[in-house]
Amino acid sequence: MSFIRVDAASDFSYQNLPYGVFSTSDNPRHRIGVAIGDQILDLSMIRSLFVGPVMSKHQDVFDQPTLNAFMALGYEAWREARRTLQNLLSDNVGTLRDDVSLRSRAFVHQSKAMMHLPADIGDYTDFYSSRDHATNVGIMFRGKENALMPNWLRLPVGYHGRASSLVVSGTPIRRPCGQMRPDQTKPPIFGPCKQLDIELEMAFFVGEGNQLGEPIAISKAHEHIFGMVLMNDWSARDIQAWEYVPLGPFLGKNFGTTISPWVVPMEALLPFAESNPIQDPQPLPYLQHQDAYTFDINLFVSLKGQDMTDAVNICSSNFKYMYWTVKQQLTHHTVNGCNVRPGDLLASGTISGPNPGSFGSMLELSWRGSKSIDVGGGKTRMFLKDGDEVTITGYCEGDGYRVGFGLCKGTILPALNH
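Scope of this entry: the structure provided in the associated data block. (Residues numbered from 1 in each chain as written. Predicted model: local features only at pLDDT ≥ 70, side-chain atom pairs only at ≥ 80, totals over all residues. Heavy atoms only, no water.)

1. Quick notes on the nonpolar core
In step 1: In this structure, Met-202, Met-228, Leu-269, Ile-297, Phe-319, Leu-330 and Leu-384 are the most contacted members of the largest nonpolar core, which totals 55 residues.
In step 2: Broken down by element, the residue count for this core peaks at four residues, all from strand 13 (residues 200–206).
In step 3: Those residues in contact with Met-202 that sit more than four places away from it in its chain are Met-228, Val-229, Leu-230, Met-231, Ile-297, Leu-299, Phe-319, Ala-347, Ser-348, Ile-351 and Phe-405.
In step 4: Counting 43 residues, the second largest nonpolar core, distinct from the first, contains Val-21, Ile-36, Phe-107 and Val-263. (Core = buried A, V, L, I, M, F, W, Y, C linked by side-chain atoms within 4.5 Å. Buried < 20%, exposed > 50% of the residue type's maximum accessible area, 1.4 Å probe, protein only. Helix = DSSP H or I, 4+ residues; strand = E, 2+ residues; numbered from the N terminus. Contact = heavy atoms within 4.5 Å.)

Below you can see the structure in the form of structure tokens.
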């Protein structure tokens, strides 16, 4: 265990040690840190202590303003750095524990830190990998008989999103304006979105990339996956419904996507790996893998309106409900020779479970606006109102500890007048 006291309910246990980028009011420079308990360990202050065979040559990566350079070092570097951190934070090792001066400079209380995007995100891809979600949406729009498209059980469906509008937790989201066609007998109209929605997602950062034209084999995919974050892929359903044929989402999605600031390493999630879902029909050989890479991560979505005293939980789900694994997603993404780069972000798509309480979007919770979502105190929602604050949380539950992700939070601002 660690000499840093960590509450059993803290997301940031000694078993977790997620990476993030932070600054403070007295030092606005963006620095790389590791969260433990209510503290942040500033890696720029201890970079000289990374003396392993790989990291001793690359201590400078912890003096960078983003995680990209560290991500690019690859799998063995990440493992070595994690072992070093576990050793330095152990209650059996005095290097940090007994150096009062170094500890005073290296640790920052989380309440004094401002969090930033953990990486310079060059490209962002959003998958559609929850069978329950895809089935629900398919039933709404095409009927039960045609809920899943013919390709859905054969490959991880995805599309390329907009990296420029990815924001860190706490950033407000402006209600978008666009074209909609609420009355199919009349021409489209322009105005503020009236069906603003959330999407409960998770996403992983690519670490070491691949060369253009050289796919990543599924047997090696884990060596390119650095870690995971929570995501809210805000969605304008009415704008999306009018625009998405034939090329897919555009303005209904690219106005804002929120991620949590702490990147949980895959090594911290491995103790919570479960057997992969049975996939029938069996995927083509390039997508097949037997090692467990489905993770038991409890996920929650809460909503707090301007006129509400307390936040109310509207969804309880789990990442283990996903049909396609992150290894399959990355492998499929690169099988045609597409190159991915350190800091690229690949998202799961909406995570929905088998029962209504686990549906990961208001589109499903309200069943396309046909029923109300109870948010307590006699108040209801079908979609989001201005001033609504949405918070996603998630964690793995260990024996007396958690491996959690912190907060993924955003508040809706009114649309601008056009």
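From this point, the narrative continues.
2. Remarks on the sheet that holds strand 2 (residues 27–36)
In step 1: The five strands are arranged 4-3-2-1-5 in an open sheet whose pairing can be described as antiparallel. Where the open sheet ends on each side, the last strands, each with one partner, are strand 4 (107–109) and strand 5 (113–116). Each strand axis lies, on average, 45° off the axis of its neighbour in the sheet, ignoring direction.
In step 2: The pairing of strand 3 (residues 39–42) with strand 4 spans three bridges and is classified as antiparallel. Looking at the pairing, Ile-40 lines up with Val-108 of strand 4. (Pairing = 2+ DSSP bridges. Axes fitted to C-alpha atoms, helices over the stretch in contact; angles between N-to-C directions.)

3. A few points about the pattern of salt bridges
In step 1: All chains considered together, the criterion is met by 16 salt bridges.
In step 2: In this structure, Arg-31 and Asp-42 form a salt bridge, with 3.3 Å as the shortest nitrogen-oxygen distance. Separated by 11 residues along the polypeptide, Arg-31 in strand 2 and Asp-42 in strand 3 bring together distant segments of the chain. Both residues of the pair, Arg-31 and Asp-42, belong to the buried class.
In step 3: In this structure, the salt-bridge partner of Arg-402 is Glu-397, at a minimum N-O distance of 3.2 Å. (Salt bridge = Lys/Arg side-chain N within 4 Å of Asp/Glu carboxyl O.)

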